[in-house]
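Residues per chain, in single letters:
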Amino acid sequence: MALLFKSDIDRPASWIPALESALPDMEVRSWPEVGDPADIDYALVWQPPSGFLASLPNLKAILSIGAGIDHLTRDPELPRHLPLVRMVEPGLTAGMTEFVVMQCLFHHRRMLDYRAQQSRKVWQELAPVAPWQRRIGVMGLGELGADAVERLVQLRFDVAGWSRNRRALAGAACFAGREELPAFLARSDILVCLLPLTEQTDSILNAALFAQLPKGACVINVGRGEHLIERDLLAALEAGQLDSATLDVFRNEPLPPESPLWSHPRVIVTPHIASMTIPETAAEAMAEVIRTLEAGGTPPGLVDLDRGY
Ligand code: NDP
Ligand code: OXD
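Residues numbered from 1 in each chain as written. Chains lettered and ligands numbered in written order. Predicted model: local features only at pLDDT ≥ 70, side-chain atom pairs only at ≥ 80, totals over all residues. Heavy atoms only, no water.

Focus on the site of ligand 1
Spelled out, the test is: Whether a residue is near a molecule or strand depends on its heavy atoms: it is near if one of them lies within 4 Å of it. A 3.5 Å cut-off defines polar contacts: any pair of N or O atoms within that distance qualifies, except that in protein one atom must be a possible hydrogen donor and the other a possible acceptor, and neighbouring residues in sequence count only when both atoms are side-chain atoms. The Shrake-Rupley method, run with a 1.4 Å probe sphere, supplies the accessible areas, and residue values consider only the shown protein chains as cover. Numbering of helices and strands runs from the N terminus; a helix is a DSSP stretch of H or I covering at least four residues, while a strand is a stretch of E covering at least two. Charged means Asp, Glu, Lys or Arg here, nonpolar means Ala, Val, Leu, Ile, Met, Phe, Trp, Tyr, Cys or Pro, and polar covers whatever is left, Gly included.
The environment of ligand 1 is formed by 28 residues, the closest being Arg86, Asn165, Arg167, Asp248 and Tyr309. At 3.1 Å from a nitrogen atom of ligand 1 is found a main-chain nitrogen or oxygen belonging to Val222. For ligand 1, the accessible surface in isolation is 940 Å², of which the surrounding protein chains cover 95%. Elements with a minimum of two residues in the shell around ligand 1: helix H5 (143–154) and strand E7 (158–163). Across the shell around ligand 1, the residue classes break down as 12 nonpolar, 10 polar and 6 charged.

Put into structure tokens, the structure is as follows:
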């Protein structure tokens, strides 16, 4: 059996030894050394060009290096009959929770205001808010959202989550479906987006949604750039409806130099690094996925393409 690794941003020097160690019976090939395309059983990929996966005639399954699969579903030639498995691995989950908690704490403790004071050499205490007085809302309660909620609850924030189907998460209020979205938004001083990109969630962070948040709310988008209408965010910041934002993902990546987001005093910009797949833990997870598929089972992270995630 052979597995092909293809990514323009993930380093084969870290990945190939990790995959070889986790899959001792598998031949691991690194693009562009594909050899005979007919040999490839599994493809582990990030943003492959359109038609690339369709050019592997004996592929058994597609494995995504990232948790999101929109980089695959935009390929009109995606072999949709094959199992598609998104990345579920402890390193990626831990990294996302770390980033979400860091950004929630950053905004909760008004670090943008203190940075602004520092630039003016102002020594001034700002009124503190206890964590249980700060309401955090997490959109998306999957692998990543649920873990972030757990840590935020441990930090004693007043946490709620929103998902398609109702979840039960210890210490957090759980809202479900479009009909409960207004109530969820009305109690989100800090809103975290950890949704997958689907037809239903595209452009969900828009003016109408911002208007339903408490005045002066903060938005943290770590889902996908397409979730956010950037001009609506800028207008809401200008109007004071939003206080601040952290944006890790953008419609156009890299964020173009002319984007006003780069220099906005109330916006933190990071280059899609909220979390990154860790080769060692991911290789173990993918080995387990392959073993499960070979045994005819259902692996964690198996995508339902009709649902879109
Ligand atoms: P999961 O598939 O495990 O979870 C998705 C969650 O979103 C589920 O709770 C699901 O609800 C909910 N959801 C989906 N559609 C809707 C909808 N229409 N309305 C309400 N809730 C909805 O995904 P992960 O947690 O693993 O990853 C989430 C996303 O995070 C990825 O798709 C990717 O876009 C992003 N990401 C970003 C990274 C970065 O570095 N910025 C890194 C990794 C991921 P339900 O529980 O009912 O199914
Ligand atoms: C992603 C990832 O889906 O990096 O963005 O996993």
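What follows picks up the thread again.
Some details on the site of ligand 2
Looking at ligand 2, the residues that line it are Trp46, Gly66, Ala67, Gly68, Leu92, Arg224, His272 and Ser275. Contact distances for ligand 2 include 2.8 Å between an oxygen atom and a backbone N or O atom of Gly68. Separating an oxygen atom of ligand 2 from a side-chain N or O atom of Arg224 is a distance of 2.7 Å. Alone, ligand 2 offers 210 Å² of accessible surface; in the complex the protein occludes 85% of this. A per-class count over the shell around ligand 2 returns 3 nonpolar, 4 polar and 1 charged.

Some thoughts on the packing of aromatic side chains
Just so we agree on the cut-off: Two aromatic rings from Phe, Tyr or Trp, using only the six-membered ring of Trp, form a pair when their centres are within 6.5 Å; if the ring planes differ by under 30 degrees the pair is stacked, by over 60 it is edge-to-face, and anything between is tilted. Exposed residues in this analysis have more than 50% of their type's maximum accessible area, buried residues have under 20%, and partly exposed residues fall in between, with area computed by a 1.4 Å probe over protein chains only. Think of it as a cone above the ring: NZ of Lys or CZ of Arg counts as a charge over the ring if it is within 6 Å of the ring centre and within 35 degrees of the ring normal.
By the definition in use, this model includes 3 aromatic pairs. On the basis of an interplanar angle of 25 degrees and a centroid distance of 6.4 Å, the ring pair of Trp162 and Phe184 is categorised as stacked. Taken together, the residues Trp162 in strand E7 and Phe184 in helix H6 (residues 181–186) connect sequence positions 22 residues apart. Look at Trp162 and you get buried, because its relative accessible area is 6%. When the ring centre of Trp31 is taken as origin, the NZ or CZ atom of Lys6, which lies over that ring, is 3.8 Å away. One Lys or Arg, Arg307, reaches over the ring of Tyr309 and ends 3.7 Å from the middle of that ring.

These values are about where atoms sit, not about what they do.
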